[in-house]
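Spelled out, the chains give:
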Amino acid sequence: MSLQSSQMWKYGIVLGLLSLLMVSSVQAQSNTNLVKIRVAGSDTINAATPMFAAHRLGYFKENGIELVYITMAGGASAMSAAMKAKEVDIALGAASQYMTDIARGVVAGKLVGQFTDNNYLILGGNGITDPRQLKGKIFGISSYNGGDQLYAQAVLAHFGIGPDDMTWLPVGTPASRLSALISGRVDAMEMPITSLPESANNRILVGADDSPVSFVSSAIFARQDFLDSNKSQVRSFLKAIGKGSDWIRANPAQAEVTCLDSGASLADCKTAVNVATTSKNPFTWSSNTGINGEGIKGMIPIVAAAVPKAKDMPLSEFIDISLTD
């Protein structure tokens, strides 16, 4: 190899290394420009499948967002504590749970979107075929004052059963509650229809379509200080989820696999995708992730039963509807 060729070869290597460094620098700068959003949800939250789809498909990064998802055990209390400590920016869960936190002054924030609407069922244990049979029985809940407990209390009130007429036993996730129901440890439970196995269909006491209570089920709650500082990013976050919902409708079989990122089983994921994609409710896995304002308004009296102060609070204290089209 001539001296000139050797020099040209070395020069080419240097240029190549410089190009790689420049690409790495641009990529690092691009990642640095992403706004990190820390999102927390319970394990097996298959109702949030559109969010997991948006993450897999890169929709968040397209919108300048780095999603950090945290699976959190411990129910409503643990989620509220994490929000209050500013360890989480956005929390997923029952709308009533966060409305209760707002009314109590536990966490300042707003409901900004939702995954599912009127998505709850009341299931009965062996030999129980009517909600009126539940007086004096044990009702399995996720945790005290969680959304499932508030919903169950509101529904059972229509059947003449007050909150003190039952024993409320924290059991955990829907799967744990169903196991407790089947074993006879509890006599009833609430379960999202998106998590209902076919084998439990004969246990339904109050169906979603028959419910006397209008209820926004799986919602998206943003911490107020984070929302105030990152309103456009929260808007983009909801937009990306809506795009994920549209993708699911076009690709239901692939969505069942994507749903596994929620921690749910494949059987539960198949149920969730089938139920949500065939739902006629415009607020379930919608294209804009919009929140049902009228539904939230109707829930205020339910929350007020637990926190009387809520009765006099305006709707604007609970939701921000300016973030979706």
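Residues numbered from 1 in each chain as written. Predicted model: local features only at pLDDT ≥ 70, side-chain atom pairs only at ≥ 80, totals over all residues. Heavy atoms only, no water.

Asks: Just to check I follow, could you spell out unusual backbone geometry for this structure?
Replies: Among all residues except glycine, the phi angle is most often negative; among peptide bonds, the trans geometry is most common. Here the phi dihedral of lysine 86 falls at roughly 60 degrees; this positive angle occurs in a residue that is not glycine. By secondary structure assignment, the location of lysine 86 is in the loop between α4 (75–84) and β3 (90–94). Residue class for lysine 86 comes out partly exposed when judged on its relative accessible area of 47%. Residue threonine 289 is not a glycine yet carries a positive backbone phi of 60 degrees. Following the sequence through the fold, threonine 289 ends up in the loop between α11 (266–278) and α12 (293–306). Residue threonine 289 is classed as buried on the basis of its relative accessible area, which comes to 2%. (Helix = DSSP H or I, 4+ residues; strand = E, 2+ residues; numbered from the N terminus. Buried < 20%, exposed > 50% of the residue type's maximum accessible area, 1.4 Å probe, protein only.)

Asks: Mind showing me how you'd approach the sheet that holds strand β4 (residues 109–114) here?
Replies: Adjacent strands of a sheet form backbone hydrogen bonds with each other and so pair up, either parallel or antiparallel. Ordered by their spatial adjacency, 5 strands build an open sheet running β2-β1-β3-β10-β4, and the pairing between neighbours is mixed. The open sheet is flanked by β2 (65–71) and β4, the only strands paired with a single partner. On average, adjacent strands in this sheet sit at an angle of 30 degrees to one another, irrespective of strand direction. Bridge count between β4 and strand β10 (residues 218–223): 5 bridges; the pairing is antiparallel. By the bridge assignment for β10, lysine 110 is matched with alanine 222. Packed onto the sheet, helix α2 (residues 49–56) meets β1 (35–41), β2 and β3 and runs at close to 135 degrees relative to β2. (Pairing = 2+ DSSP bridges. Axes fitted to C-alpha atoms, helices over the stretch in contact; angles between N-to-C directions. Contact = heavy atoms within 4.5 Å.)

Asks: Quick question: what am I supposed to make of the side chain of glutamine 224 here?
Replies: Its place among the elements puts glutamine 224 in helix α8 (residues 224–229). The class for glutamine 224 is buried, based on a relative accessible area of 18%. Apart from residues lying up to four places away in sequence, glutamine 224 is in contact with Ala108, Gly109 and Lys110.

Asks: Looking at this structure, how should I read the pairing of β3?
Replies: Both faces of the sheet carry side chains from a regular strand, because those side chains alternate between them. Of all 5 residues in β3, 5 are buried, a share of seventy percent or more. Both β1 and β3 contribute to a ladder of 2 bridges, which runs parallel. Looking at β3, one finds that alanine 40 is bridged to alanine 91. Both β3 and β10 contribute to a ladder of 5 bridges, which runs antiparallel.

Asks: Honestly, the side chain of threonine 289 in this entry has me stumped. Any pointers?
Replies: A polar contact of 2.8 Å, which involves the side chain of threonine 289, links it to the backbone oxygen of leucine 238. Those residues in contact with threonine 289, other than ones at most four positions away along the chain, are Val112, Gly113, Gln114, Ile220, Leu238, Ile241, Gly242 and Thr324. (Polar contact = N/O pair within 3.5 Å; in protein donor to acceptor, adjacent residues only side chain to side chain.)

Asks: Which parts of the structure should I look at to understand the packing of helix α5 (residues 95–104) against α12?
Replies: Angle between the axes and distance between the axes: these two values describe a pair of packed helices. At a closest axis distance of 10 Å, the pairing of α5 and α12 adopts a crossing angle of 60 degrees. Accordingly, the angle class assigned to the pair α5 and α12 is oblique. Here α5 and α12 pass one another in a crossing that is right-handed. In this structure, α5 uses Ala95, Ser96, Met99, Thr100, Ala103 and Arg104 to contact α12, whose residues at the interface are Ile296, Met299, Ile300, Val303 and Ala306. Across the contact of α5 with α12, the residue classes break down as 8 nonpolar, 2 polar and 1 charged. (Parallel < 35°, antiparallel > 145°, perpendicular 65-115°, else oblique. Left-handed = near helix turned anticlockwise from the far one by under 90°. Nonpolar A, V, L, I, M, F, W, Y, C, P; charged D, E, K, R; others polar.)

Asks: How should I be thinking about the packing of aromatic side chains in this particular structure?
Replies: Aromatic ring pairs: the centre-centre distance and the angle between the two ring planes describe each pair. Enumeration over the complete set of coordinates arrives at 7 aromatic pairs. Aromatic side chains tyrosine 98 and phenylalanine 221 sit 4.8 Å apart centroid to centroid with 0 degrees between the ring planes, which places their arrangement in the stacked category. Placement of tyrosine 98 in helix α5 and of phenylalanine 221 in strand β10 is noted, with a sequence separation of 123 residues between them. Both rings, one in tyrosine 120 and one in phenylalanine 215, keep their centres 5.8 Å apart while their planes meet at 55 degrees; by these two values the pair is tilted. Here tyrosine 120 is found in strand β5 (residues 120–124), whereas its partner phenylalanine 215 is found in the loop between β9 (204–206) and β10, with 95 residues between them in sequence. Each member of the pair, tyrosine 120 as well as phenylalanine 215, carries the same accessibility label: buried. Site record: aromatic cluster; members linked through ring pairs are Tyr120, Tyr151 and Phe215. (Phe/Tyr/Trp six-rings, centres within 6.5 Å; stacked < 30°, edge-to-face > 60°.)

Asks: Help me understand the pattern of salt bridges in this model?
Replies: If charged atoms from side chains of opposite charge come close, those side chains can pair. A complete count under the given rule lists 11 salt bridges for this structure. Note that lysine 86 is salt-bridged to aspartate 225, the shortest N-O span being 3.0 Å. Of this pair, lysine 86 sits in the loop between α4 and β3 while aspartate 225 sits in helix α8, and the two are 139 residues apart along the sequence. In this structure, arginine 177 and aspartate 148 form a salt bridge, with 3.9 Å as the shortest nitrogen-oxygen distance. Taken together, the residues span a long stretch of sequence, with arginine 177 in helix α7 (residues 174–183) and aspartate 148 in helix α6 (residues 147–157) at a distance of 29 residues. Residue aspartate 148 is classed as buried on the basis of its relative accessible area of 5%. Overlapping salt bridges bring together Arg38, Lys86, Asp89, Arg223 and Asp225 as one network. (Salt bridge = Lys/Arg side-chain N within 4 Å of Asp/Glu carboxyl O.)

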